[in-house]
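# Chain and residue survey
Below, each chain spelled out in residue letters.
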Amino acid sequence: PRLLQHRLQALEPVLKQSGPDPDCVVADLAGHVIVLGTPTDIEEFLKPLDHHAQRTGVSRPAVIFVNDATPNDVQVSNIKRASDCYFLESSPLNPVSIEMANIETCSRIVMFADTSLENDPDEPGLIDAGVIFAYRFLKQNRYREKACRCVMELVEDDNMSYLRDDVAEGATQIASRIHTQPLYAQGQVYSTSICTTLLVQAFYNEDILLIASSLLTSTPDYITHTGGNAEEPLPSPLLVHVEITPQDKASCANYGDLFKLYLGRGLMPLALYRVCEEPTDCPESEDRFVVTNPSKDLPLRDDDITIALEQPHM
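Here's a quick rundown of the structure. All figures in this text were calculated on a predicted structure; none of them were measured in a lab. (Residues numbered from 1 in each chain as written. Predicted model: local features only at pLDDT ≥ 70, side-chain atom pairs only at ≥ 80, totals over all residues. Heavy atoms only, no water.)

### Comments concerning the packing of aromatic side chains
Following the criterion strictly, the structure yields 5 aromatic pairs and no others. Ring centres 5.8 Å apart and planes at 65° place the aromatic pair Phe45 and Phe65 in the edge-to-face group. Of this pair, Phe45 sits in helix H1 (residues 42–56) while Phe65 sits in strand S4 (residues 63–67); the two residues are 20 residues apart in sequence, bridging distant segments of the chain. Three or more aromatic residues joined by ring pairs make a cluster, and in this case those are Phe45, Phe65 and Phe112. (Phe/Tyr/Trp six-rings, centres within 6.5 Å; stacked < 30°, edge-to-face > 60°. Helix = DSSP H or I, 4+ residues; strand = E, 2+ residues; numbered from the N terminus.)

Next up, the structure:
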């Protein structure tokens, strides 16, 4: 494991020159994850990536944290201890920093809001300014296709409208409804306020976290049934993805028909997993979003996938 730093001489960085100017980019990294900003707990941040790598039998992609604030001792220890984990000392939401982190070959970009601005009572929306400008920089330059690979933190939900180019005058209020936006639905925008609301609700109903965990991780073990006085709990339903066959598609005019068809097969449809159609942003994107509780009249698409609960066989 190596700690990669720019403009710090404690450890020699792995850099290569980019043109005649003194700017540098990180060399020998491909398919890596660029994290703009440093999470408080780096170990927890890396756990889902490590778990996915173990489950799929592939190596975890390299992760490079970009920040101009020197990491604390715990963060430095986490970076050194983790494999393929690096730190680049540079302004995290500056376009130059994004280029230095070798954006050309990265697989994902994670953007954290600048929490140093959260205490400004006059301009609370400024906390998301860095994320907004960095995202729009990607969209308006040669890295346009990388904008589709971003995961962004928003603290103020109303700032959602600034991430879009197609907001007509007077439609800002509608575009600010974060739940209705494709960027949020397909997982590119992470709202801290929604997560806070979920935690507050969990105080009154702890089952919310169990259900949310199952739906988000597809791990049925989080949903359990006591089975009354039975010695062993009833088996938990499995959350499955079901591809709609051409035959089923031909026999179903809409989601309502598909729902009835799957009920007869022991499946309880919950949602559709649908390819996001954002031609102005990412014409070749294969990213999907979840259509929860679809209308029975919703037409089906050829590439739709059904998310359903399936009762395991006894």
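### Quick look at helix H2 (residues 73–81)
Because each turn of an α-helix spans 3.6 residues, side chains separated by three or four positions in sequence point in the same direction. Buried residues of H2: Gln75, Val76, Asn78 and Ile79, and no others. Taken end-on, H2 shows its buried residues confined to a sector of 160°, consistent with a single buried face. In H2, those exposed residues whose orientation departs by more than 90 degrees from the buried face are Asp73, Val74 and Arg81. Its side-chain oxygen at 3.1 Å from the backbone nitrogen of Val74, Asn72 defines the N-terminal cap of H2. (Buried < 20%, exposed > 50% of the residue type's maximum accessible area, 1.4 Å probe, protein only. Arc of directions from axis to C-beta. Polar contact = N/O pair within 3.5 Å; in protein donor to acceptor, adjacent residues only side chain to side chain.)

### A look at the pairing of strand S7 (residues 150–154)
Counting buried residues along S7, 4 of its 5 residues qualify, which places the element largely inside the surrounding structure. In this structure, strand S6 (residues 108–111) lies alongside S7, joined through 3 bridges in parallel fashion. Across the sheet, Met111 pairs through a bridge with Met152, a residue of S7. With 3 bridges connecting them, S7 and strand S8 (residues 189–191) associate as parallel partners. Looking at S8, one finds that Leu154 is bridged to Ser191. (Pairing = 2+ DSSP bridges.)

### Some words on the sheet that holds S7
Two strands in a sheet stick together by hydrogen bonds in their backbones, pointing the same way (parallel) or opposite ways (antiparallel). On the basis of which strands lie adjacent, the open sheet formed by 6 strands has the order S5-S4-S3-S6-S7-S8 and parallel pairing. What marks the edges here is a single partner per strand, and that holds for strand S5 (85–89) and S8. Pairwise comparison of adjacent strand axes, ignoring direction, gives a mean angle of 20° for this sheet. Docked against the sheet, helix H7 (residues 192–204) engages S7 and S8, running at close to 45° with respect to S8. (Axes fitted to C-alpha atoms, helices over the stretch in contact; angles between N-to-C directions. Contact = heavy atoms within 4.5 Å.)

### Observations regarding the sheet that holds strand S11 (residues 288–292)
Taken in spatial order, the 4 strands of this open sheet run S9-S12-S10-S11, and their pairing is antiparallel. Where the open sheet ends on each side, the last strands, each with one partner, are strand S9 (238–243) and S11. Strand-to-strand twist across the sheet, computed as the mean angle between neighbouring axes with direction ignored, equals 30°. Pairing geometry for strand S10 (residues 267–275) and S11, over 5 bridges, is antiparallel.

### Digging into the state of the cysteines
All told, the structure shown has 0 disulfides when counted by the stated rule. The cysteine Cys150 is free of any disulfide, with Cys106 supplying the nearest cysteine sulfur at 7.8 Å. (Disulfide = S-S within 2.5 Å.)

It is worth stressing that arrangement in space is one thing and function is another; only the former is reported here.
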